[in-house]
Each structure stands twice: as structure tokens, then as C-alpha cells.
Amino acid sequence: MDKIALTAGALYVIVLLRAGGTFAVGWLAGAGARRSRFAGRISSAKFRRAERAIQRWGALVVAVSFLTIGFQTAANFLAGSMRMPLARYLPALFVGGAAWALIYATAGLGVLAVLGRLFAERTALGVSAVAVLLLAVCGVVVYRRRRAARSSGDTVAEES
């Protein structure tokens, strides 16, 4: 239990710094955009409605984003760039970050323990499992790149 608590605590600090930093970068980017040549577009009624919606409901999105993969950074950056009030953002960050840290600490340590036992007791099976996992990841990457290349080739052909 001490190992899980220590890991969760370390992950919690990491996620608070990472997500909070992303929010701050978003805040600065939003402030810069408001002073740039895009200020006219950003001040439109449609944009202000979206900004108000994010300021009001964005805390829920931020908190839930920690339970997803690949959406956390975008949610935190958007919350910052759309000037979500800190009084709404910080509770969402603390709750969502705690959930993320606990999930990754418990599941992550469990997976590491299983892999450690697998490599210690059946090295060949462990190496095979890692090789299959790497091949699967490579296959997904190649598939996505080819699909993206085909779809960009289709748009180029349509424009000609």
C-alpha cells in the first residue's frame, strides 16, 4: 500500500504541474491572440458565447478529461485560452488529477508487477508478449499513416 500511495502522490504532483502549466500556456496564448490581428475574430458574438459556455461548463470537461487518453492537454489548453476562472478550473484540476493519479498508480503498478513476474518466471513468453505489443503498435501507426496519406491524396486529386 505504501508503494501505491507514494506512486499516486508523485503522479499527482506531476499531473498538477503538467496540466496547470498547460492551462497557463493556454492563458498566455489566449491573451496574446486577443492583442493580435485575430482580435476582431475573437471578439465575435459566436466566440464570446463559446467562451461563456467553457467558463461555465468547462470545469466538468476538464475533470472528465483526465479519464481519457489524448484529450487532457487539449482540454487544459482550451480552458486556459478561453479564460476559465481559476475558481472553477482549480477544483476540476484537483479532482481530475487525483482520479488520474490513482488510476495510473494502481493499474500501472499492477501491470509492472505482472510484467516483472512474467519476465522472471518465463522470459521467452515475456519477450514474445513485448514483441507482439510492439508489432501491434507499429501496425497501427503504419495503418494510420497510410490512411492519412490516401485521404490527403484524395483531396489533392479533387482540387486538380
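Given the structure is predicted, the values throughout are model-derived calculations rather than measurements.

A. Just the packing of aromatic side chains, in detail. Applying the stated criterion across every chain, the model contains three aromatic pairs. Taking the centre distance of 5.9 Å and the plane angle of 45 degrees together, the rings of Phe23 and Trp27 count as tilted. Note that Phe23 and Trp27 are positioned in helix 1 (residues 2–34) at a spacing of four residues, about one turn of the helix. Residue classification places Trp27 among the partly exposed residues on the basis of a relative accessible area of 36%. Ring geometry for Trp100 and Tyr104: centres 4.9 Å apart, planes at 35 degrees, overall tilted. Here Trp100 and its partner Tyr104 are both found in helix 5 (residues 86–121), four residues apart, which amounts to about one turn of the helix. Residue Trp100 is classed as buried on the basis of its relative accessible area of 10%. Following the ring pairs from residue to residue traces out a cluster consisting of Phe23, Trp27 and Tyr89. Above the plane of the ring of Trp100 lies Arg18, whose end atom (NZ or CZ) is 5.6 Å from the centre.

B. The confidence of the model for the chain, seen in detail. Overall, the predicted model of the chain reaches an average pLDDT of 85, with 94% of residues at or above 70. Per-element confidence in the chain ranges from a low mean pLDDT of 71 for helix 2 (residues 39–42) to a high of 91 for helix 1.

Cut-offs and rules
Residues numbered from 1 in each chain as written. Predicted model: local features only at pLDDT ≥ 70, side-chain atom pairs only at ≥ 80, totals over all residues. Heavy atoms only, no water. Phe/Tyr/Trp six-rings, centres within 6.5 Å; stacked < 30°, edge-to-face > 60°. Helix = DSSP H or I, 4+ residues; strand = E, 2+ residues; numbered from the N terminus. Buried < 20%, exposed > 50% of the residue type's maximum accessible area, 1.4 Å probe, protein only. Lys NZ or Arg CZ within 6 Å of the ring centre and 35° of its normal. pLDDT = per-residue confidence, 0-100.

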